Structures are given as C-alpha cells and as structure tokens.
Amino acid sequence: MRLFDILRRSLRNLRTAQMRTILTALAMSVGTFALTLTLAASNGARQYGNTIITNNFDPTALIVSKDKNFFKQNTANQPQEYNPSFGTVTSAIGGSRQIQMLDDNDLARLRDLPGVKSVRPAISLGLRYITRDGARKYVATAQAYNAYRTPDLLAGAIPASIPTHSIILPEAYVHALGFTSAGAAINQTVRLAVNKQASASALTQLLAKNGANGLSSPPANSVEERFKVIAVLKKPSSLLVASNGLTLYVSEPDIIALNDIATKGSSDYHTYLTAYVEVANGTNSANLTTVQNEIQKAGYGAESVLNAEQAITQVITVLQGIVSIFGAVAVIASLFGVINTMYISVLQRTREIGLMKALGMHKKDVARLFEIEAALIGFFGGIIGSILAFVAGTIANPFIAKALGIGNTKLLQFNAAQILGLIIALIILAILAGFLPARKAAKLDPIVALRTE
Amino acid sequence: MITAQHISKTYGKGDTAFQALHDVSFSITSGQTASIIGKSGSGKSTLLHLLSGLDRPTSGTITIDGTNIFTMPAKDIDDFRARTMSFVFQSFFVEASQTCYQNVMLPLEIARAPLTQRKKLVREALSAVDLADKINEQAGNLSGGQKQRLAIARAIVNKPKILFADEPTGNLDSATGDLIIQLLFDMNRTMGSTVVLVTHDQELAGRCDVQITLKDGSIQTSNQVKHSKVKQ
C-alpha cells in the first residue's frame, strides 16, 4: 500500500471513532499546553533578564576590581585581618569584609593592557543636593554618562562628547526644579552641591565647642558647581532599567572632579571600588573574554555582561527543567491513553485487518496503518495543546505584565520553532506508544481474524 | 492451473494432533469453476486457506500457474495474493462505515494500482454487480444481498485470475443467493477467472466443472465434468 493510501485510511479510521480520537488527543494536549507555556515563560524570562542587563550594563565593558574575589560569593569563613589601606564593605545582612580599592596606578596599569580602549573609575556620587535659583533643594546622585545605548530624550540632544559643566537631567527633576516643561529646562543653569570632607582643624574646633555630640552634625561644608542642562531623559517606561530614573548624568571629567572635591582629605581620595574597562571591538565576545583573562592574569577581578547573562540563563534553565517535569509527566500519562486507544482500535477492526491481510497487505503496512493513526493523535494533541497555550498566553500576557509591574514586556514569548519541535516530539512519542498495538495488528493471523463474527 | 499434490495438514502435536487434511491431490484448470463440498469439519475451509496461501500445509505442494507458492517468502506470497486472487466470504466483510467506493478501492490500494485507473476500475466493478448508483452510499445502509454484491465488486475490481468464494450464499435467502451464484458464474464467463466455490449445496456443486468432495480430511470423489467448455 502506498503511504498516501495508508495515511488516508488512518485519517478515515480516526474520523469513524471521532469521540475516542478527540478525547485521546485532548489528554495529550494537557501536557503540551503545560510544556508550551513553560517554554514560553522561560523564553520571556531569559529575554527579560537579558534586556535588563543590556539596558543597564555596557556590553563592551568589563567591571574590574582590585580584589580578585570581589565578584565571588563571600566564602571567607575565617576572620580577615584588618588592613588600614583597604575600604570596608558592610553587607546588608550584617557581615563586613575588607576590599582592596583601585588607585591611579592600577588604572594606569589597566590602560596599558592590550585590547583595552579606555578605563574609567566607576563613580556614583551622592550629591548634597541639586537646585536652581528660586527652587527647593533636592537630593540626587550623579554618574558619568556612557553612550553605550541611545536613551529616550524628552528634549535637547546628547553630543558624542559631552562638554564639561553640562548636565543631562532625568524627567523627574524637571517639575521639581520648577521648569514648566522639559524643553524649558534646556540651556538653563542648575547648581550641584558636593560635600567636602571637614578638615582636621575644623573638626578639632567643633569638638572643643560642642563635645563629642558635635561630630554627629558636621558643619555645612559644601561646594556648589553650576551646570547647564543639555538634555532631559525620559522616565524609564518599565523596570527594565535598574536606575530609579533619578540619576543625573555629567561628563567623565566632571564626575571625577566632583568626586575629588568630595573625597579630598579622606582615605577614599583617588581610590575606587571598581572601574569600567572598555574593550576595543568588545561587541565580539571573543575580544571581551581575551581582555578579561588578561586582566585576571594581572591579578584583578574582572566580570563581563556575558558572565551575568550566563548566570541568569543558568538559573532560568534549571527552573525551566523543574517546571517541565510536570508537563512531561502529563505527556507520559497521556501516552498510556494512546496505547489503550490503539489497542481498542485494533480489537474493533480485527476483521478488517484480517481481510486486508487476506487481500495481500504486507505486515509492515498493517503496522504502519496503526502507527500513523497514533502519530495523527499525537499531532492533533500537540496542535490543540499549543494553540490553547498560545491563546491563553496571549490573553494572560497583559495581566502578568501588570501584576509583575514590568510595563509592556511580554513574559510569555512563543517560539514557532520550539512549538514545532514539541509537536514533532509528541508525534514520535505517540508512534512509540502505538508500537505494541500496531505489532499486534501486524501479527494477527488472517484466518483467525476472519473467523471473528 | 491450480495443482494440489499430496497435501496434508495437521494441527497440534502429539496426542492432541488433529489431521484436518490427509493426502489431498487434485487440479483445476484455469478458467474452470470448481466446488469444494463437504460437511462442516470435513476440511473445506482448511483447503481454501491452503489454496490461497493464507496457511501452509504440513506436507505436499500447491502450484499455481507453475509457481510453488510455499517456496516464496511471506512478502511475495502477499504480493502474489494481491495480484492473482480474491475472496468472497459468507459474512461479506464489507466495512459498514465506509462508502461502496472506499470498500471496492481496498484491493487496488493494496496492489498499488496506478492512481489514474483506480476510479475507472471501481466504477466498472460496481456496474458489473449493478451497484453503480450506490457508489457513494455507506456500505452499512445496504441490504444483505447488496452487501454480498459489493463484496463481489471488491473481489473482481483487480481482475483476479482466481476467485475464492467461501459459502457466499450462507447468509442469504435462496432467491438472493441464486442471484449471487449467477453473478459468480457470470464473472467466470466474462472475465475468465477461475472460481473456487466452497459449499455444502450439492445442487450448486453439480453446476461446477470440477467437484472435490471432502470427508474427514480426505477426498471422497473428485469429478472432472466431461462436458466442460474449453476455456483459456
């Protein structure tokens, strides 16, 4: 028998036993539904994780620390000896550890490494306040602007190289500082105030005047610098950006100058916890890895976006595997349904099988008739399950996004190739489930079968 | 030409062994009609199964047009059966859920008949049994006689050289049965097919060119009817 004829007969048989076919396919669709949603959710989670990373980290840069173990989990169970030249980091959950800081010599060394395009210290400077004439004072944080991605602007423009004493203002400060609109803020002047370290003599005076209590409120010793607004950033539309939309951006030299003012006279002066190392042609991950190895060989700790991505992907893959087990169990359970259905089908058609064999149908073709029938049940189960999952996911996406507060992000991302692969896998499993009933049909003795009334 | 030489068939072994056929020999010339007569349990069905290659004899040979069918591998016997022979059964064995067209199509599909000729062959076969107007009717809706006519259409669609009919009138009233028998003899005449008829109807058997009477697994009488027409 030609394959086409067998296929047509299988389809006809399924149509004859419509209800049985639909129910068996529905049983298979339950597992498919779960697996399709699991795949969609992990696609979405992976994409969401990657979006967060690429929105917040320069993909061509490495984050470098003096301490090799900076990026590792704090595994030190032994007391660490105090070193006065190190900074102390206190973690939120209580433990504290000392971390070596990068100084200017380290930065120079990093700059000299092959493949390094630029090195800039990572500075996030807590300002005393930002204000302008006639406005209140507001707390703010300033960072150097890094143009690795194009931000959404409400007004103004960001030149390739930001002139000194220019500032990029987030949307949230426009009204706070009394501007009528984002456009009205452009070219206006704002003032940033930076705390200065109290000099030793000033502290001595204070101590003499107020006793120990005086130190808790050091003198208002700050410097104001004037900045011109060149652009206004749109508020991030979702939580995709880790920043709360309150960071001010200035040029690289400005942030260093401000930081110098703030730290002069302290042990933090010209020392940095981490630095960004821009890699030449860093979009090529091979270059990124080469420089990363180079830096690690020089005795520093270095971490790239790739590492972070890998970490996130790994976590998601493990979770996906765990959740998939439920779907897989449902599929396996439904396979017994397929076996049962196929046995019934063979029993019901004993006479027909006998006739076909008497008329000269090959054993192999008889087996194929039932295997294709099972395959079609698997196919229908896969199609029904994945369509239901797609419809349910498409309906649920806005609600999930709302519940999780992730803006317009679709957490359930359906991938046609994955769904196709899933359906093919189901077809193969169904054929395997149909193997024994098909073999029973193929081995049926036509003489015995035709005796059946 | 169908030749059976010294065929015996034994079921089971040792004490429980049952000899269904014992040293049976005869021959049927191509284009003849033959009847196998005997009471139930005489070995009629066993002989039919052996002649059609559905079963293997314990000893002896069956040659069809010079080919010893039991020297062939199972697959080749299947193909041989699909090309050269056909069956009509007492209980019709038509698929009630399928249309007449689909029922008659089955042997063509099994024999891998060319797609372009199938429709024409099915129409011809249904016309020959006077069921042309029922081509798209579900077989389940037909009467008993119509079902057996449908079975004959299915049996002749492939233009087989040999047509085996196993008590084809057993489930029909005598008037309808006569029509069916007439149809089988017509097929023998118009298509030149050898018809082998299993029956216990002596009168019917008498109308056949060759009569093989079985009793307890042995041939009692085997008559070549002298007045048989010369056929090819």
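Residues numbered from 1 in each chain as written. Chains lettered and ligands numbered in written order. Predicted model: local features only at pLDDT ≥ 70, side-chain atom pairs only at ≥ 80, totals over all residues. Heavy atoms only, no water.

1. Some thoughts on the nonpolar core
Then, number 1: By size, the foremost hydrophobic cluster in this structure holds 71 residues, and its most contacted members are Phe370 of chain A together with Leu47 and Ile62 of chain B.
Then, number 2: Sort the elements by how many residues they give to this core and helix 11 (residues 363–404) of chain A lands first, with eight residues.
Then, number 3: Residues in contact with Ile62 of chain B, not counting those within four places in the same chain, are Thr3, Ala4, Ile7, Leu50, Leu51, Thr67, Asn68, Ile69 and Phe70 of chain B.
Then, number 4: Core analysis: the next-biggest nonpolar cluster, separate from the first, contains 45 residues, Val119, Leu125, Ala140 and Leu192 of chain A among them. (Core = buried A, V, L, I, M, F, W, Y, C linked by side-chain atoms within 4.5 Å. Buried < 20%, exposed > 50% of the residue type's maximum accessible area, 1.4 Å probe, protein only. Helix = DSSP H or I, 4+ residues; strand = E, 2+ residues; numbered from the N terminus. Contact = heavy atoms within 4.5 Å.)

2. Let's talk about the sheet that holds strand 10 (residues 218–224) of chain B
All names here are of chain B.
Then, number 1: The six strands are arranged 6-7-8-3-9-10 in an open sheet whose pairing can be described as mixed. What marks the edges here is a single partner per strand, and that holds for strand 6 (85–88) and strand 10. Along the sheet, successive strands turn relative to each other by an average axial angle of 15°, direction set aside.
Then, number 2: Judged from the six bridges that link them, strand 9 (residues 210–215) and strand 10 form a sheet pairing that is antiparallel. If you follow Leu214 over to strand 10, its bridge partner there is Ile219. (Pairing = 2+ DSSP bridges. Axes fitted to C-alpha atoms, helices over the stretch in contact; angles between N-to-C directions.)

3. Digging into the domain arrangement of chain A
Then, number 1: Under the domain assignment, chain A is made up of domain 1 (3–50 + 312–451) and domain 2 (123–270).
Then, number 2: With centres defined by C-alpha atoms, the gap from domain 1 of chain A to domain 2 of chain A works out at 60 Å. (Domains from an automatic or database assignment.)

4. What to know about the side chain of Thr247 of chain A
All names here are of chain A.
Then, number 1: Here Thr247 lies in strand 12 (residues 247–250).
Then, number 2: The class for Thr247 is buried, based on a relative accessible area of 10%.
Then, number 3: Residues contacting Thr247, with those up to four places away along its chain left out, are Thr141, Ala142, Gln143 and Pro170.

5. Considerations on the packing of aromatic side chains
Then, number 1: Applying the stated criterion across every chain, the model contains six aromatic pairs over all chains.
Then, number 2: With centroids separated by 5.7 Å and ring planes inclined at 25°, the aromatic side chains of Phe87 of chain B and Phe164 of chain B adopt a geometry described as stacked. Of this pair, Phe87 of chain B sits in strand 6 while Phe164 of chain B sits in strand 7 (residues 162–166), placing them 77 residues apart in sequence. Across this residue pair, the class does not change: Phe87 of chain B and Phe164 of chain B are buried.
Then, number 3: Ring pairs connect the aromatic residues Phe87, Phe89, Phe93 and Phe164 of chain B, which therefore count as one cluster.
Then, number 4: In this structure, Lys137 of chain A is placed above the aromatic ring of Tyr129 of chain A, and the distance from its NZ or CZ to the ring centre is 4.6 Å. (Phe/Tyr/Trp six-rings, centres within 6.5 Å; stacked < 30°, edge-to-face > 60°. Lys NZ or Arg CZ within 6 Å of the ring centre and 35° of its normal.)

6. Brief notes about the sheet that holds strand 1 (residues 61–65) of chain A
Residue and element names in this part refer to chain A.
Then, number 1: Sheet architecture is open: four strands sit in the order 5-14-1-15, paired in antiparallel fashion. Strands with a single pairing partner mark the edges of an open sheet, and in this sheet they are strand 5 (116–121) and strand 15 (301–304). Mean inter-strand twist for the sheet, computed between neighbouring axes without regard to direction, equals 25°.

7. Structural notes on the interface of chain B and chain A
Interface size is commonly expressed as the accessible surface area that is lost when the partners come together.
Then, number 1: In this assembly, 27 residues from chain B lie in contact with 24 residues from chain A.
Then, number 2: With both sides pooled, the region where chain B packs onto chain A buries about 2,500 Å², and carbon together with sulfur makes up 55% of that total.
Then, number 3: One can count three salt bridges joining chain B with chain A.
Then, number 4: Among the ionic pairs, Arg118 of chain B bridges to Asp5 of chain A, the shortest N-O distance being 2.9 Å.
Then, number 5: Looking at the side of chain B that touches chain A, the elements that each hand over two or more residues are helix 2 (74–84), strand 6 and helix 3 (100–110) of chain B.
Then, number 6: At six residues, helix 3 of chain B tops the list of elements feeding residues into the side of chain B that touches chain A.
Then, number 7: Across the side of chain B that touches chain A, the residue classes break down as eleven nonpolar, six polar and ten charged. (Buried area = accessible area lost by both parts, 1.4 Å probe. Salt bridge = Lys/Arg side-chain N within 4 Å of Asp/Glu carboxyl O. Nonpolar A, V, L, I, M, F, W, Y, C, P; charged D, E, K, R; others polar.)

8. Some remarks on a nonpolar patch on the surface
Residues and elements named next belong to chain A.
Then, number 1: On the surface, Val315, Val318, Leu319, Ile322, Val323 and Phe326 cluster together into a nonpolar patch covering about 590 Å² of accessible area.
Then, number 2: Positionally, Val318 belongs in helix 9 (residues 305–348).
Then, number 3: Of the residues examined, Val318 reaches a relative accessible area of 51% and is grouped as exposed. (Patch = residues over 30% accessible without salt bridge, like charges linked within 9 Å, V, L, I, M, F, W, Y side chains within 5 Å. Areas by Shrake-Rupley, 256 points an atom, 1.4 Å probe, with all protein chains shown as cover.)

9. Points about the layout of surface pockets
Then, number 1: Space inside the second largest pocket adds up to approximately 600 Å³.
Then, number 2: Listing elements by their share of the lining of the second largest pocket, those giving two or more residues are helix 14 (446–451) of chain A together with helix 1 (44–51) of chain B.
Then, number 3: Tallied by class, the residues present in the lining of the second largest pocket amount to ten nonpolar, eleven polar and six charged. (1 Å grid on protein atoms, 1.4 Å probe; cavity = no way out; pocket = protein on both sides within 12 Å on 5 of 7 lines; lining within 4 Å. Points joined across faces, edges and corners; volume = space filled by probe spheres on them.)

10. Quick look at the packing of helix 12 (residues 416–433) of chain A against helix 13 (residues 435–443) of chain A
Helix packing for two helices is described by the angle between their axes and how far apart those axes are.
All names here are of chain A.
Then, number 1: Running from N to C, helix 12 and helix 13 cross one another at 45°; their axes reach a closest spacing of 4 Å. Regarding the angle of helix 12 to helix 13, the classification is oblique. Side by side, helix 12 and helix 13 meet where Ile431, Leu432 and Ala433 of the first sit next to Phe435, Leu436 and Pro437 of the second.
Then, number 2: Class assignment for the residues of the contact of helix 12 with helix 13 results in six nonpolar, no polar and no charged. (Parallel < 35°, antiparallel > 145°, perpendicular 65-115°, else oblique.)

11. A closer look at the pattern of salt bridges
Then, number 1: The full count for this structure, using the stated rule, is 15 salt bridges over all chains.
Then, number 2: Glu109 of chain B is the partner of Arg9 of chain A in a salt bridge, and the nearest nitrogen-oxygen pair spans 2.6 Å. Taken together, the residues span two chains, with Arg9 of chain A in helix 1 (residues 3–16) and Glu109 of chain B in helix 3.
Then, number 3: Under the relative-accessibility criterion, Arg9 of chain A is labelled buried at 3%.
Then, number 4: When the shortest N-O distance is used, the salt bridge between Glu167 of chain B and Lys44 of chain B registers 3.9 Å. With Glu167 of chain B in the loop between strand 7 and helix 6 (174–191) and Lys44 of chain B in helix 1, this residue pair connects regions lying 123 residues apart in the sequence.
Then, number 5: Residue classification places Glu167 of chain B among the buried positions, given a relative accessible area of 14%.

12. Overview of the pairing of strand 4 (residues 59–64) of chain B
Residue and element names in this part refer to chain B.
Then, number 1: Of the strand pairs in this sheet, strand 1 (residues 2–11) and strand 4 are connected by five bridges, and their pairing is antiparallel. Directly across from Thr3, in strand 4, lies its bridge partner Thr63.
Then, number 2: In the sheet, strand 4 pairs with strand 5 (residues 67–68) via two bridges, with the strands oriented antiparallel. In the sheet register, Ile64 faces strand 5, and the bridge partner there is Thr67.
Then, number 3: Connecting strand 4 to the next strand, strand 5, in antiparallel fashion are two residues, including Asp65 with a positive phi near 50°.

13. Let's talk about helix 9 of chain A
Structural remark: α-helix, 3.6 residues per turn; residues separated by three or four positions point the same way.
Then, number 1: A rise of 1.5 Å per residue sets the reference length of helix 9 of chain A, with its 44 residues, at 64 Å; its end C-alpha atoms lie 62 Å apart and thus fit the reference within 8%.
Then, number 2: The axis of helix 9 of chain A is deflected most strongly, by about 30°, at Ile325 of chain A. (Expected span 1.5 Å × (residues − 1). Bend = angle between axes of the 7 residues up to and from the residue.)

14. Focus on a negative patch on the surface
Residues and elements named next belong to chain B.
Then, number 1: Together, Asp173, Asp178, Asp201 and Glu203 make up a region of like negative charge exposed at the surface.
Then, number 2: When you line up the elements, Asp201 lands in the loop between strand 8 (194–199) and helix 7 (202–206).
Then, number 3: For Asp201, a relative accessible area of 34% corresponds to the partly exposed category. (Lys, Arg positive; Asp, Glu negative; His and termini not counted. Charge placed at Lys NZ, Arg CZ, Asp CG, Glu CD.)

15. Points about the environment of Ala328 of chain A
Residues and elements named next belong to chain A.
Then, number 1: Here Ala328 shows up in helix 9.
Then, number 2: A residue is classified by how much of its surface remains accessible, and Ala328, at 30% relative accessible area, is partly exposed.
Then, number 3: Put simply, Ala328 and Gly31 are 297 residues apart on the chain and 6.3 Å apart in space, counted from C-alpha to C-alpha.

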